[in-house]
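Examining the three-dimensional arrangement
What follows is the residue order along each chain.
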There are 2 protein chains.
Amino acid sequence: MGSLPLDASVQPLNPETFSGDSRAVVDFLTEYYRDVDKYPVRAADLEPGRLRKLLPEAAPEHGEPMEDVLEDVRRDILPGLTHWQSPSFFAFFPMNASAAGFAGEMLSAGLNVVPFMWAASPAAAELETVVVDWMGRLLGLPQRLLFSGGGGGVLQGSTCEAVVCTLAAARDRALGRLGHENIVKLVVYASDQTHVTFQKGARIVGIPPSNFRVVQTSSASGYGLTADAVRGVVDRDVARGLVPLYLCATVGTTGLGAADPVRELGEVARRHGMWLHVDAAYAGSAAICPEFQGYLDGAELADSVSMNPHKWFLTNADCCCLWVANPRELTSALSTDPEYLKNVGTNGTGTPAAIDYKDWQISLSRRFRAIKLWVVLRRYGAGGLRAHIRRHVAAAKWFERAVAADERFEVVVPRKFSLVCFRLRPSRFVGDDGEAVDAMNRELLAAVNASGQTFVTHFVVDGKFVIRLAVGGAMTEMRHVMDVWELLQGKADDVIHRYQLQG
Amino acid sequence: MGSLPLDASVQPLNPETFSGDSRAVVDFLTEYYRDVDKYPVRAADLEPGRLRKLLPEAAPEHGEPMEDVLEDVRRDILPGLTHWQSPSFFAFFPMNASAAGFAGEMLSAGLNVVPFMWAASPAAAELETVVVDWMGRLLGLPQRLLFSGGGGGVLQGSTCEAVVCTLAAARDRALGRLGHENIVKLVVYASDQTHVTFQKGARIVGIPPSNFRVVQTSSASGYGLTADAVRGVVDRDVARGLVPLYLCATVGTTGLGAADPVRELGEVARRHGMWLHVDAAYAGSAAICPEFQGYLDGAELADSVSMNPHKWFLTNADCCCLWVANPRELTSALSTDPEYLKNVGTNGTGTPAAIDYKDWQISLSRRFRAIKLWVVLRRYGAGGLRAHIRRHVAAAKWFERAVAADERFEVVVPRKFSLVCFRLRPSRFVGDDGEAVDAMNRELLAAVNASGQTFVTHFVVDGKFVIRLAVGGAMTEMRHVMDVWELLQGKADDVIHRYQLQG
């Protein structure tokens, strides 16, 4: 039996090719970061289908050099992107890239191990247990959510995944008592400010859409969900024979940056045996600064807490920390144990020494995200990360003051973190005509975004159109916030002038 | 109002720091690939908790230089990893890294855009529609699964996610007709060879665990699921008033690499209004070669098909292609439309020109995976990728012949792709004592893996312990397969010798 020589034409990990191609991409990205503020921030004015038309119908038959590929990225793709890393991107929430986050991502992608079970890459699983404990401590989370206190954490791809997992755990905890047929009685509670992913997640795990309660908030509580409001809705459901299952408290809502009172809501949840999840996707990062940890007060009443280092914590996408007080509740909803995984001597889930993370998440396969978050924490240190958070909070504070000091504008909700919600409110031109005010704000936002100099998004609360400025980009400095304020003022002049001519 | 200077100590995307740190990691990984065959392939013999003990209890307060971080990776982490990129890794299924996949991952992580809606990064969403069509055509999928034919595709993180999404779509299609209370009547069908993720997925979407049918296969059909077997089980369920919901056909099962007959199963599914999903996670890659496309014959009867470029298609983790025949069924189960996403003028889902991919998956946020798969396809071309597949198939064929020619061994199931399932079968020493044969094979596998020279895993079928050799590593060449065969032969001698002494 002789040796059949394999086709040597593709050598996918030839070290020289690897090094050459990778360096070319590093140079490409270095140039991109240097120039990113020269691109229009938002690319939404493109004609749909533009890129599709530029590209061939089928994959090429023959391989092409990396330079050609990068040239096509430069020519065809970059002009069609919204530049989330632009220092003048203030839309949605930030999605931080950083040198350390990128280095960590490279290590994850390069080693390309799959820590689905402890033994499938022991150091990867253990690093994850260490890093989630580090993060939990930085945020001031109660000991019971950390491995060192009997709870534990996992790194998932998104809050949405974390929500599906915790909803499934809560559901199975309840159905274990009630029987599966009672799935139609389970009710999930959130506020009108809660991220829509909870509604989607509840639907995914089989809760009837009619059993998702959207509890109203108001300006009186700063759009936080009050315990009183939850109690009222829960009592009505219980009287109808329904079963309260799951309550979501948000620290830093997507629309307005509001914060629900975790302790109060936790007490309601306890009384009714509900699972309490605390969603701190965006604002959780701020809790590494002691001055923001008060918002997580009461987290010891939570069954689970999540936050996204990939938003405002310098960790390139994707990375979501999920902590649970009782890992067994999570793993009993999500574990699997087929023969083809019995290849490695894991000692089971539930001990920080040897975790099978496949039982803590939806997917079996998973990336080595822990090394990314670990590199971020090592490279910047807690002190550097606090400085990163505080410089954005300071810039947002400056912006809020500037808006408040300009009589043409109003701040709609007091800023808590780095998100400022404001609008044009030139009462002497449009009086109390809400529709006219909204129309002016729509015009203002459209004009600002059409300039290409920034990208800012909106929200609607109590029927009012509100402009959101979310400070937090990795390259965003005070001067970018000052620039966008100058731009807003100029465009506001134009809009008001047009209304004056009409009026 | 003056300018408050921001703290300049952390400059997360300073181009010089970015370039320096990134080049250091490229050099680190280049060295890693050069030396990867010097590490013990499997790290499972470590004491659990080893790394946890080495690391401090808390994140550092001050940032540290990248060299220190990389030195710690080298010293503390690498020895604790199982080296999935070793050319002698034959365990589970391959998890390909490549220079192109890595370059694509770097572009994705570096640009760090979030194409959850078309307008949140138009070119990223459009590139995804192009790349999934390219892939579908390479695999010879029917037109109706491609955007160009009214269907369409999406890149997710894993088959598990894809399965949850298709199960939710199938469930909601059925419940729309039956009412939500009938969720307890829905039944999901799979074979005893189907990946456990279907069982987990069905549970996640709220199907009662008792409604998951594991239909038996046998050696007579090469462990493929026969239509007859499915019909029998379905008829019994229907007679009991249950509702057949979803049937999974696998092309290339995890344990044995078996292939279910897609067309036959599709016809059964059609007759009962079931959703047919074709899971080609591993073997789908082979379908870029015309000689393997027959296994997907009948895919025009499928509601959805998935395969993982992150396994055997040179695309670093993670990347799973999911195609659906009717995107509206997927999006009606998964779409959301809150105010804070109405910031960009998308023209809705369902046209390839402007897709809101958030409605095609679990998560709202998502990575720019399309650029990774696109770089792989551009850099290697269809021809290069076929050569990559064929060299592994040729090596597996060589190994299978070698095993068959050695009277101490037997091939347990005929090889279809690049997975060979075999075992020691020295009948003249142990006769028909199944337990003794299993014990010898366990010993053989343990000895081979303990050598550190390779990592091979097992499976159990019909009560028999079977060794699996999955060829497909990016660096795996014929010589590595020959080496592992030599190692197996040597260790087999030792095992047999011990049994001779005992007997």
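In the annotation of an unreviewed UniProt entry, chain A is listed under the name Tyrosine decarboxylase and assigned to Paspalum notatum var. saurae. Its UniProt record gives chain A the following Cofactor (unreviewed entry) comment, quoted word for word: "pyridoxal 5'-phosphate". UniProt, in its Sequence similarities (unreviewed entry) section for chain A, records the words "Belongs to the group II decarboxylase family."

Side note on the domain arrangement of chain A
Residue and element names in this part refer to chain A. Domain parsing of chain A yields domain 1 (15–83), domain 2 (113–367) and domain 3 (382–502). If you average the C-alpha positions of domain 1 and of domain 3, the two centres end up 32 Å apart. With seven residues of domain 1 in contact, the opposing surface of domain 3 contributes seven residues. Of the roughly 550 Å² buried at the junction of domain 1 and domain 3 (both faces included), carbon and sulfur atoms supply 69%. Taken as a group, Tyr33, Val41 and Arg42 account for 68% of the area that domain 1 buries against domain 3, more than any other trio of residues on that side. Taken together, the connections running from domain 1 to domain 3 amount to zero salt bridges. Viewed at the interface, domain 3 and domain 1 are joined by one residue pair in polar contact (both at pLDDT 80 or more).

Digging into the state of the cysteines
All names here are of chain B. In this structure the tally under the stated criterion is zero disulfides over all chains. We note that cysteine 165 lacks a disulfide partner, and the nearest cysteine sulfur, in cysteine 320, lies 9.5 Å from it. Of all cysteine sulfurs in the structure, the one in cysteine 321 sits closest to cysteine 319, which takes part in no disulfide; the separation is 5.2 Å. By relative accessible area, which is 0% here, cysteine 319 ends up buried.

A few points about the UniProt feature "modified residue: N6-(pyridoxal phosphate)lysine" (unreviewed entry) in chain A
Residues and elements named next belong to chain A. The residues that UniProt annotates with the feature "modified residue: N6-(pyridoxal phosphate)lysine" (unreviewed entry) are Lys311. Within the secondary structure layout, lysine 311 lies in helix H10 (residues 309–312). For lysine 311, the residues in contact, after removing those within four places along its chain, are Phe93, Pro94, Met95, Asn96, Ala281 and Tyr282.

A short note on the interface of chain B and chain A
Often the size quoted for an interface is simply the accessible area lost on bringing the parts together. Taken together, the contact pairs 178 residues of chain B with 178 residues of chain A. A combined buried area of about 15500 Å² lies between chain B and chain A, and 66% of that area is made up of carbon and sulfur atoms. Counting the contacts that link chain B with chain A gives 20 salt bridges. Among the salt bridges present, the one from arginine 137 of chain A reaches glutamate 57 of chain B, with a minimum N-O distance of 3.9 Å. Across the chain B-chain A interface, the total number found is 82 residue pairs in polar contact (both at pLDDT 80 or more). No other element matches the 20 residues that helix H12 (residues 369–405) of chain B contributes to the side of chain B that touches chain A. Among the residues forming the side of chain B that touches chain A, the class breakdown is 101 nonpolar, 42 polar and 35 charged.

Digging into the pairing of strand S10 (residues 457–461) of chain A
All names here are of chain A. Across the five residues that make up S10, a large majority, four, are buried. In this sheet, strand S11 (residues 464–470) lies alongside S10 in antiparallel orientation, the contact comprising five bridges. Paired with phenylalanine 459 across the bridge in S11 is valine 466. Here S10 folds back onto S11, and the loop between the two strands holds two residues, one of which, aspartate 462, carries a positive phi near 50 degrees.

Notes on the nonpolar core
Generally speaking, soluble globular proteins have nonpolar side chains that are buried together. Counting 332 residues, the largest nonpolar core has Trp323 of chain A together with Trp323 and Trp374 of chain B as the members making the most contacts within it. Excluding residues that lie within four positions of it along the chain, tryptophan 374 of chain B makes contacts with Leu55, Val69, Asp72, Val73 and Ile77 of chain A together with Leu127, Val131 and Trp134 of chain B.

As for the confidence of the model for chain A
Across chain A, pLDDT averages 94, with 94% of residues at or above 70. Long-range and interchain partners of residues 345–350 of chain A, a stretch whose pLDDT sits below 50, account for 15 contacts in this model, where long-range means more than four residues apart.

Quick notes on the environment of lysine 416 of chain A
All names here are of chain A. Position of lysine 416 relative to the elements: it lies in the loop between strand S8 (409–413) and strand S9 (419–424). With a relative accessible area of 25%, lysine 416 lands in the partly exposed category. As a C-alpha pair, lysine 416 and glycine 257 span 159 residues in sequence and 6.7 Å in three-dimensional space. Setting aside chain neighbours within four positions, we find lysine 416 in contact with Gly257, Ala259, Phe292 and Tyr295.

As for unusual backbone geometry
Put simply, alanine 317 of chain A and aspartate 318 of chain A share a cis peptide bond, and its omega is 0 degrees. The topology assignment puts aspartate 318 of chain A in the loop between H10 and strand S7 (320–324). Positive phi values are uncommon outside glycine, yet phenylalanine 92 of chain B reaches one of about 40 degrees. Tracing the chain through its elements places phenylalanine 92 of chain B in the loop between helix H3 (66–77) and helix H4 (99–111). Even without a glycine there, the phi angle at asparagine 112 of chain B is positive, about 50 degrees. Tracing the backbone through its elements, the reader meets asparagine 112 of chain B in the loop between H4 and helix H5 (122–138). Residue classification places asparagine 112 of chain B among the buried residues on the basis of a relative accessible area of 2%.

Parameters and conventions
- Residues numbered from 1 in each chain as written.
- Chains lettered and ligands numbered in written order.
- Predicted model: local features only at pLDDT ≥ 70, side-chain atom pairs only at ≥ 80, totals over all residues.
- Heavy atoms only, no water.
- UniProt positions renumbered as here; feature names shortened; annotations may be inferred.
- Domains from an automatic or database assignment.
- Contact = heavy atoms within 4.5 Å.
- Buried area = accessible area lost by both parts, 1.4 Å probe.
- Salt bridge = Lys/Arg side-chain N within 4 Å of Asp/Glu carboxyl O.
- Polar contact = N/O pair within 3.5 Å; in protein donor to acceptor, adjacent residues only side chain to side chain.
- Disulfide = S-S within 2.5 Å.
- Buried < 20%, exposed > 50% of the residue type's maximum accessible area, 1.4 Å probe, protein only.
- Helix = DSSP H or I, 4+ residues; strand = E, 2+ residues; numbered from the N terminus.
- Nonpolar A, V, L, I, M, F, W, Y, C, P; charged D, E, K, R; others polar.
- Pairing = 2+ DSSP bridges.
- Core = buried A, V, L, I, M, F, W, Y, C linked by side-chain atoms within 4.5 Å.
- pLDDT = per-residue confidence, 0-100.

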